[in-house]
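Coordinate inspection notes
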Amino acid sequence: MAQDTGVSNVLFVTVDSLRADAVGAYADDSHTPVLDELAARGTVFERAFATGNWTPFSFPSLLASRPVFADGGRIGVESSPTLAETVADAGVAAGGFNAANGFLTNHWGYDAGFDSFEPFVAGAGSSLYARYLARHPTVEAWLQLAASPLRRLGARLRGGADDRPFLDASRMFDVERGATGFVDDTDDPFFLWVHYMDAHTPYVPAPRYIREVSGGTLGTHRMLHAHTRTGLGWEVTDRTLSDLRTLYRAAVRQVDASLGRLLDHLEAAGVADETAVVVAGDHGEEFQEHGHLAHYPKLYDELIRVPLLVALPDGESRRVDRQVGLDDVPPTVANLLGVSPPSAWTGDSLLPAVRGDGPPADEPVVSVTVRGETVTSQPIPRSLSDGELLVSARGRDWTYLRNVDTDAAELYFRPDDPTQQENLADSDRPDAAAARERLAPTVRDHERLLRDGDETDTTTVEDDDLGARLDALGYR
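Treat the numbers as computed from the prediction; the structure is a model and nothing was measured. (Residues numbered from 1 in each chain as written. Predicted model: local features only at pLDDT ≥ 70, side-chain atom pairs only at ≥ 80, totals over all residues. Heavy atoms only, no water.)

1. With respect to a negative patch on the surface
- On the surface, a cluster of negative charge is made up of D115, D184, D185, D187 and D188.
- Position of D187 relative to the elements: it lies in the loop between α6 (172-185) and β5 (190-196). (Patch = residues over 30% accessible without salt bridge, like charges linked within 9 Å, V, L, I, M, F, W, Y side chains within 5 Å. Areas by Shrake-Rupley, 256 points an atom, 1.4 Å probe, with all protein chains shown as cover. Salt bridge = Lys/Arg side-chain N within 4 Å of Asp/Glu carboxyl O. Lys, Arg positive; Asp, Glu negative; His and termini not counted. Charge placed at Lys NZ, Arg CZ, Asp CG, Glu CD. Helix = DSSP H or I, 4+ residues; strand = E, 2+ residues; numbered from the N terminus.)

2. Some remarks on the sheet that holds strand β15 (residues 409-413)
- Reading across the sheet, the four strands line up as β12-β13-β14-β15 and stay open at both edges, with antiparallel pairing between neighbours. Only two strands of the sheet have a single neighbouring strand rather than two, namely β12 (365-371) and β15. On average, adjacent strands in this sheet sit at an angle of 15 degrees to one another, irrespective of strand direction.
- Relative to β15, strand β14 (residues 398-403) runs antiparallel, the two being bridged by five bridges. Its bridge partner being in β15, T399 is matched across the sheet by Y412. (Pairing = 2+ DSSP bridges. Axes fitted to C-alpha atoms, helices over the stretch in contact; angles between N-to-C directions.)

3. Quick look at the pattern of salt bridges
- Under the defined criterion, the tally for this structure stands at 19 salt bridges.
- A salt bridge links D21 to R19; the shortest N-O distance between them is 2.9 Å.
- Where R429 meets D431, a salt bridge forms, and the shortest distance between an N and an O atom there is 2.7 Å.
- Judged by relative accessible area, which is 29%, R429 ranks as partly exposed.
- Bridged by salt links that share partners, the residues R171, D174 and R177 form one connected network. (Buried < 20%, exposed > 50% of the residue type's maximum accessible area, 1.4 Å probe, protein only.)

4. Here's the deal with the pairing of strand β6 (residues 275-281)
- Among the seven residues in β6, seven count as buried, and that is most of the element.
- Here β6 shows two buried faces, one formed by T275, V277, V279 and G281 and the other by A276, V278 and A280.
- Strand direction decides the pairing type here: strand β1 (residues 9-15) and β6, joined by seven bridges, are parallel. Within the sheet, the bridge partner assigned to V13 lies in β6 and is V279.

5. A look at empty space enclosed by the protein
- Summed over the entire model, instances satisfying the criterion amount to five cavities of 30 Å³ or more.
- Of the volumes computed, that of the second largest cavity is approximately 110 Å³.
- Residue lining of the second largest cavity: 15 residues in total, with D71, R74, I75, G76 and V77 positioned closest to the centre.
- By residue class, the composition of the lining of the second largest cavity is eight nonpolar, three polar and four charged. (1 Å grid on protein atoms, 1.4 Å probe; cavity = no way out; pocket = protein on both sides within 12 Å on 5 of 7 lines; lining within 4 Å. Points joined across faces, edges and corners; volume = space filled by probe spheres on them. Nonpolar A, V, L, I, M, F, W, Y, C, P; charged D, E, K, R; others polar.)

6. Brief notes about the layout of surface pockets
- The computed volume of the second largest pocket comes to approximately 570 Å³.
- Lining the second largest pocket are 31 residues, with D327, D328, T346, P364 and V365 positioned closest to its centre.
- Residue assignment for the lining of the second largest pocket shows that the elements contributing at least two residues are α2 (55-64), β11 (318-325), α12 (351-355), β12 and α13 (430-453).
- Of the residues contributing to the lining of the second largest pocket, the split by class is 15 nonpolar, 10 polar and six charged.

7. As for α2
- Counting buried positions along α2 gives 10 out of 10 residues, so the element sits mostly inside the fold.
- Considered for burial, the residues of α2 that qualify are T55, P56, F57, S58, F59, P60, S61, L62, L63 and A64.
- Elements in contact with the buried residues of α2: β1, α3 (83-89), β5, β6, α11 (329-336) and β12.
- Two residues or fewer past α2, S65 is found with a positive phi of approximately 50 degrees. (Contact = heavy atoms within 4.5 Å.)

Below, the structure is given as structure tokens:
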């Protein structure tokens, strides 16, 4: 181990599809009281960027501090030293609980180093949820509507709160039970990772959270209406888009409440005072800022800008405005636990910034995606050979994006154009030319890194459970 930081444990929470502006620390109209409380006593990284637009493109950075495709041209971390392996080798107990995201399983190497690891995918492939409800959110919404009065009545009779959906469709409570059980069974210092899927499309939050974020004006019937229109491929009207945004915020609030219960359990277990909490989104979510919903292969801020919060037991409130990438998370967690990061990791520890000892390096953050014949084409790419490679580099104010295969370039000045609508790649503005000259070499260097790591054999065979789960989430 390296230096003593005064932290014995780290709870690392990742939330699938979590945009930065879905969290109150980044946007005033959000409904995330638990995350806001963490932000108020911790460090908020205002310019945190994902290294890809999908879970399989961002998580090699989040759990192994390596760029996707850099170690063999495939998704996954089988060839990389992972965060769990690194801290486990130093004597830290490691537990990982993933709410059935099929891209975060042992098939892709994510179990390496964990003493307790449960992706909740085994058996899910043949379940009613995986086979039917996940592909028919309108039916799930009808079930939520029908069960809501009974659930509220049952909660009153039990003298408790109506805080649980009738069906653990998102596997949220499975993750909670796994995580709290791990805490109860562990005496050593621990690293605990949990991954939530509630904010991933389709958004089917418990009705109480819809009422909470909409001020009671959006009922479950509007959830039915929004899912019906999008499920049938009808035009997404302004009302439908507004309803989908509300459902998304309600799903984020559902995660926020679950995180609150985890933090309460740490308190009850007597370990909260020695546990650091790190929270990150793995990528964002689009609501037609560039013509689509969900998270298709693009590299604009709605998909790449994510929340990143670090709260220490004795921490102070800070906001860091320099850009950081998700590959900085593993060395930060390792340092919090007093462990030295492996030399193969590409990220830098953010612990000095969290401690107030100095800002992060002012370096561009690189993100990648692979696009098939059309933006909405499936399958989700598993390797570099599955489509055209897009690479972006973000400095403090500028985003440079290049399609490596077509050589098409885009350049955006985010302070004046936060949604990246005005392409300045061919502009004769002096500041645009300077930004191109500064960021283009970073993109070219990253392209060479990925090409050097590419291998010809990118075949992967997924078992029935894993394939069914990916299919249920819309991944073919």
